[in-house]
Amino acid sequence: MTTQNTTIPTGDNRLLEETRSTKKVGWLERTVGTDLYRILKGMVKTPTSVIGMILIFIFILIAIFAPVIAPPVGNDPYKMPRDGFMGEPQAPGSPWTRNVPEIPFWYKAVTGNEEWVHLLGTAQGQYDIFYGVIWGTRTAFQTGFIVVIATVLIGIVMGSIAAYYGGGVDNAIMRITDIFMTLPYIMMALIFSAVLTPILGRSLLPPMIAMISFGWMGYARIIRSDILSIKERDYVLAARASGLKNGRILFKHILPNAIYPTLVLATLGFGDVVLSFAALSFLGIGTEVGYADWGQILSFARNWITSLDNYWYIVVFPGLTLTMFVMGWNLIGDTLRDVLDPRMRGKI
Amino acid sequence: MQYWRWLTGVVDPVTGERDGGILYGDFGYSRTASQPVIDIVRERFPNTVDLALWTIYPMLSIGIWMGVQAAVNQNKFFDQAARVYSIVGTSFPTFVFGLLLLMLLYAKAGWFMPGKQSNWVTALIYSGELKQYTHLLTIDAILNLRFDVLWDALRHMIMPIITLSYINWATFVRVTRSSMLETLRQDYVVTARAKGLKEKDVINNHARPNAMLPVVTLAGSSIVGLLGGVVITETVFNYPGIGKAAADAAAQLDVVTILGLAIFTGTILIITNLIVDVIYAFIDPRVRLT
């Protein structure tokens with residue numbers, strides 16, 4: 001070996017040459033960091049996740065421009081306007097006589113009508129479905145954000161405490177997590193929000209609190225396993241050697257390095273949260289009747305199952321909206337899971 | 001104090017009789033259903049079991065079959081289709097799917113019905129002509145050799161079964177596929193192929209049994225879920241099981257009923273989980289060692 005490699009005097013350096021990166025680093029990769037760049041690249045290159053992102057982008061636009069798309073009637077924009085009190089649903093395109101909103105600028109150009117009609121028909125009690133679908137987007141984002149952020153926070157606190165202190169604390173917290181994990185989610189959320197409703201009144205709060213209390217376990221587990229691997233690193237030892245307090249080491253040195261996968265996974269939870277919320281309000285839990293909320297519009301359909309073939313619009317429109325919303329998040333989530341999976345590293 | 005009373009009940013000082021108390025088997029009186037909670041459980045739980053019994057087989061067999069096929073044909077058409085299905089399936093809300101089924105198969109075509117049984121079956125049960133050995137309607141119908149009753153019960157149950165299988169297949173396909181892919185890369189599969197076994201034998205006898213472990217865990221938890229009350233599906237199809245009872249009570253804020261049902265389902269969950277764990281030890285000898 002020594003005779004052949006005369007140009008390199010000390011040892012065999014071929015391995016070094018082979019592993020040296022020949023890839024050019026673009027400006028985006030430099031600014032956002034290698035990990036995030038890899039994820040972004042994977043997201044943009046996968047067609048399914050692009051479809052998902054387009055769907056979610058449309059929903060964000062709808063939520064932002066809700067007052068333009070469907071101008072609010074009365075004081076509370078989240079209350080669906082009623083056109084009278086008749087029980088029977090009205091077909092799409094039937095005229096709107098009472099509680100008519102103002103006519104926005106796009107209306108005439110898109111529909112060709114001078115006056116407001118019920119674009120997607122009305123549900124039982126003459127609630128306008130179009131209005132409910134548009135403003136329900138805001139409700140969905142609202143509940144989704146609050147529940148996801150709260151569950152992630154609780155999960156991070158529980159998981160990081162368990163992982164950092166270890167031993168008995170770890171055991172106690174993780175066994176509590178296990179117990180919560182075995183409970184059926186919808187059933188427990190249903191029960192808990194039904195218990196909370198008499199105390200808090202009918203609003204978005206009871207189902208949200210219930211979903212937060214039974215939704216944090218997954219995040220706790222993930223952050224725990226990430227911290228367990230990071231807390232053995234040298235810089236943590238250095239921090240400890242320099243005499244920092246436990247809390248400071250945990251929150252300043254360990255968490256910022258471990259939090260990343262949890263935050264990415266939290267975005268996947270968004271669709272599920274909105275789905276469960278809609279399920280709860282479908283079962284009649286949560287907001288008062290007439291609140292713009294997809295689950296509630298669908299729950300009106302329960303009284304008309306014998307003639308659903310005539311009143312198809314009370315199921316199809318809100319149902320498809322909800323499905324599209326959840327599917328958008330799941331499509332993104334599916335790609336993210338692949339990109340984050342260590343076995344897939346280097347393939348995307 | 002109130003909670004203690006709810007737990008142990010009140011002893012009447014004169015007669016010495018105990019009134020209420022969950023530890024003594026009295027779950028309280030349901031205001032909304034106007035009957036004791038324990039009667040609700042007694043009436044509704046057999047229906048939930050009945051539905052679960054009929055759901056388990058299509059759920060497991062077709063779900064696992066699809067997952068195995070997807071893994072064997074990795075990146076081919078079937079695999080892509082199964083992948084798309086598992087995303088769409090997890091995104092499709094149960095109640096939207098259920099309502100669409102009702103719209104097409106009940107309101108439009110009239111093939112299947114919501115609820116649990118037709119009126120003439122109810123009359124048959126009340127008249128005592130249909131003896132209730134087990135209180136599971138389908139099993140009773142078979143034991144009584146009344147196949148028209150069985151057919152009627154199945155017509156009512158088929159839509160919940162489709163819905164439950166449909167949403168569970170999505171997760172089964174995903175889990176089976178990834179576990180099967182993992183197993184197909186193992187050395188013993190390569191060995192089996194190398195010694196010239198047929199591809200069918202390799203998959204059915206060498207790869208599939210070893211890929212089943214995570215699937216068994218998933219199956220256990222979904223069976224537990226089926227017994228613990230499938231709240232949404234039962235509510236959509238108006239099927240009188242435990243989940244529907246809980247949903248009705250919750251919608252009317254009847255806390256006594258809800259808590260009683262919660263304790264009951266909790267007990268069921270613990271028992272089923274225990275059974276699943278024991279079965280698990282039989283399937284995988286490695287579990288027994290730890």
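Residues numbered from 1 in each chain as written. Chains lettered and ligands numbered in written order. Predicted model: local features only at pLDDT ≥ 70, side-chain atom pairs only at ≥ 80, totals over all residues. Heavy atoms only, no water.

### Section: the overall build of chain B
Part 1 of the reasoning: Looking only at helices and strands, one finds 13 helices and 4 strands in chain B.
Part 2 of the reasoning: A fraction of 65% describes how many contacts in chain B between residues 6 or more apart in sequence connect residues 24 or more apart.
Part 3 of the reasoning: Working note: accessible area of chain B is about 14,600 Å², and carbon and sulfur atoms make up 63% of it. (Helix = DSSP H or I, 4+ residues; strand = E, 2+ residues; numbered from the N terminus. Contact = heavy atoms within 4.5 Å. Areas by Shrake-Rupley, 256 points an atom, 1.4 Å probe, with all protein chains shown as cover.)

### Brief notes about the overall build of chain A
Part 1 of the reasoning: Secondary structure summary: chain A contains 16 helices and 0 strands in total.
Part 2 of the reasoning: Taken over 348 residues, chain A has a buried fraction of 47%.
Part 3 of the reasoning: Approximately 17,300 Å² of chain A is accessible, and the part contributed by carbon and sulfur atoms is 64%. (Buried < 20%, exposed > 50% of the residue type's maximum accessible area, 1.4 Å probe, protein only.)

### Brief notes about the nonpolar core
Part 1 of the reasoning: By size, the foremost hydrophobic cluster in this structure holds 156 residues, and its most contacted members are L190, L308, I314, L322 and F325 of chain A together with F95 and L99 of chain B.
Part 2 of the reasoning: When residues no more than four places from it in sequence are discounted, the contact partners of F325 of chain A are I56, F59, A140, F141, F270, V274 and W294 of chain A.
Part 3 of the reasoning: V121, L124, L130 and V149 of chain B belong to the second-largest nonpolar core, a separate cluster that totals 9 residues. (Core = buried A, V, L, I, M, F, W, Y, C linked by side-chain atoms within 4.5 Å.)

### What to know about the side chain of S299 of chain A
Residue and element names in this part refer to chain A.
Part 1 of the reasoning: Residue placement: S299 occurs in helix α15 (residues 294-300).
Part 2 of the reasoning: Judged by its relative accessible area of 16%, S299 falls in the buried class.
Part 3 of the reasoning: Beyond its immediate stretch of four places on either side in the chain, S299 contacts S281 and F282.

### Some remarks on the interface of chain A and chain B
Part 1 of the reasoning: The partner chain B presents 37 residues to the 40 residues of chain A that form the contact.
Part 2 of the reasoning: In total, chain A and chain B occlude about 3,300 Å² of area from one another, counting both sides; carbon and sulfur atoms represent 76% of this.
Part 3 of the reasoning: Area buried by chain A at its contact with chain B is led by M187, L283 and I305 of chain A, which between them contribute 17% of it.
Part 4 of the reasoning: Our count for the contact surface shared by chain A and chain B stands at 2 salt bridges.
Part 5 of the reasoning: The salt bridge partner of R83 of chain B is D334 of chain A, with a shortest N-O separation of 3.1 Å.
Part 6 of the reasoning: Viewed at the interface, chain B and chain A are joined by 3 residue pairs in polar contact (both at pLDDT 80 or more).
Part 7 of the reasoning: Put simply, the parts of the chain that give the side of chain A that touches chain B at least two residues each are α9 (185-200), α14 (260-282) and α16 (313-340) of chain A.
Part 8 of the reasoning: For the side of chain A that touches chain B, the element with the highest residue contribution is α16 of chain A, accounting for 12 residues. (Buried area = accessible area lost by both parts, 1.4 Å probe. Salt bridge = Lys/Arg side-chain N within 4 Å of Asp/Glu carboxyl O. Polar contact = N/O pair within 3.5 Å; in protein donor to acceptor, adjacent residues only side chain to side chain.)

### Digging into helix α11 (residues 242-251) of chain B
Residues and elements named next belong to chain B.
Part 1 of the reasoning: Judged by how many residues are buried, α11 sits mostly within the fold: 8 of 10 residues are covered.
Part 2 of the reasoning: What α11 keeps buried is the set I242, G243, K244, A245, A246, A247, A249 and A250.
Part 3 of the reasoning: Just beyond α11, the residue with positive phi is L253, at close to 55°.

### Observations concerning the packing of helix α2 (residues 37-72) of chain B against helix α3 (residues 77-91) of chain B
All names here are of chain B.
Part 1 of the reasoning: Remark: α2 packs on α3, axes separated minimally by 8 Å, with the N-to-C direction vectors making an angle of 130°. Compared by their axis directions, α2 and α3 come out oblique. The hand of the α2/α3 crossing is left-handed. Judged by residue contacts, W65, M66, Q69 and A70 of α2 engage F78, D79, A82 and Y85 from α3.
Part 2 of the reasoning: Partitioned by chemical class, the residues of the contact of α2 with α3 number 6 nonpolar, 1 polar and 1 charged. (Axes fitted to C-alpha atoms, helices over the stretch in contact; angles between N-to-C directions. Parallel < 35°, antiparallel > 145°, perpendicular 65-115°, else oblique. Left-handed = near helix turned anticlockwise from the far one by under 90°. Nonpolar A, V, L, I, M, F, W, Y, C, P; charged D, E, K, R; others polar.)

### A word on the confidence of the model for chain A
Part 1 of the reasoning: A residue-level look at chain A finds 90% of positions with pLDDT of 70 or above and a mean pLDDT of 82.
Part 2 of the reasoning: Predicted confidence in chain A is weakest over helix α1 (residues 14-19) of chain A, with a mean pLDDT of 60, and strongest over helix α10 (residues 205-213) of chain A, with 92. (pLDDT = per-residue confidence, 0-100.)

### Describing the packing of helix α12 (residues 234-241) of chain A against helix α13 (residues 246-258) of chain A
Residues and elements named next belong to chain A.
Part 1 of the reasoning: As a packed pair, α12 and α13 sit with axes 11 Å apart at the nearest point and diverge in direction by 170°. Taken together, the axes of α12 and α13 lie roughly antiparallel to each other. Within the contact between the two elements, α12 uses Y235, V236, A239 and R240 and α13 uses I249, H253, I254 and N257.
Part 2 of the reasoning: Residue composition of the contact of α12 with α13, by class: 5 nonpolar, 2 polar and 1 charged.

### Re the packing of aromatic side chains
The description of two aromatic rings rests on the distance between their centres and on the angle between their planes.
All names here are of chain A.
Part 1 of the reasoning: Enumeration according to the criterion identifies 30 aromatic pairs over all chains in this entry.
Part 2 of the reasoning: Plain terms: the ring middles of Y127 and F300 are 5.4 Å apart, the flat faces sit at 5° to each other, and that makes the pair stacked. Here Y127, found in the loop between α6 (105-111) and α7 (129-165), pairs with F300, found in helix α15; they are 173 residues apart in sequence, far enough to count as distant.
Part 3 of the reasoning: A centroid spacing of 5.9 Å and a plane angle of 85° characterise the contact between F192 and F214, whose relative ring orientation is edge-to-face. Linking F192 in helix α9 with F214 in the loop between α10 and α11 (217-230), this pair joins segments that are 22 residues apart in sequence. (Phe/Tyr/Trp six-rings, centres within 6.5 Å; stacked < 30°, edge-to-face > 60°.)

### Section: the confidence of the model for chain B
Part 1 of the reasoning: Across chain B, the average pLDDT comes to 81, with 89% of residues at or above 70.
Part 2 of the reasoning: Per the prediction output, this complex has pTM 0.83; the corresponding ipTM is 0.81.

### So, the pattern of salt bridges
Residue and element names in this part refer to chain A.
Part 1 of the reasoning: In the structure shown here, the tally under the stated rule is 11 salt bridges over all chains.
Part 2 of the reasoning: Across the pair D178 and R175 runs a salt bridge whose closest N-O atoms are separated by 3.1 Å. One end of the pair, D178, and the other, R175, are both in helix α8 (residues 167-182), 3 residues apart, so they sit about a helical turn from each other.
Part 3 of the reasoning: Residue D178 is classed as partly exposed on the basis of its relative accessible area, which comes to 25%.
Part 4 of the reasoning: Linking D178 and R221 is a salt bridge whose minimum nitrogen-to-oxygen distance equals 2.6 Å. Residue D178 is found in helix α8, and its partner R221 is found in helix α11; the two are separated by 43 residues along the sequence.

### Thoughts on unusual backbone geometry
Residues and elements named next belong to chain B.
Part 1 of the reasoning: At N75, a position not held by glycine, the phi torsion is positive, near 65°.
Part 2 of the reasoning: If you trace the backbone, N75 turns up in the loop between α2 and α3.
Part 3 of the reasoning: Here the phi dihedral of L145 falls at roughly 55°; this positive angle occurs in a residue that is not glycine.
Part 4 of the reasoning: Along the polypeptide, L145 turns up in the loop between α6 (137-143) and α7 (147-184).

### Some words on the side chain of T139 of chain A
Residue and element names in this part refer to chain A.
Part 1 of the reasoning: Inspection of the secondary structure puts T139 in helix α7.
Part 2 of the reasoning: T139 sits in the buried class, given a relative accessible area of 0%.
Part 3 of the reasoning: With sequence-adjacent residues up to four places away left out, T139 is seen in contact with Y78, L204, F277, Y291 and A292.

### Things to note about the environment of W96 of chain A
All names here are of chain A.
Part 1 of the reasoning: In this structure, W96 sits in the loop between α5 (66-69) and α6.
Part 2 of the reasoning: Its relative accessible area of 7% is what places W96 among the buried residues.
Part 3 of the reasoning: Not counting the four nearest positions on each side in its chain, W96 is found in contact with P81, D83, P101, W116, V117, H118 and D128.

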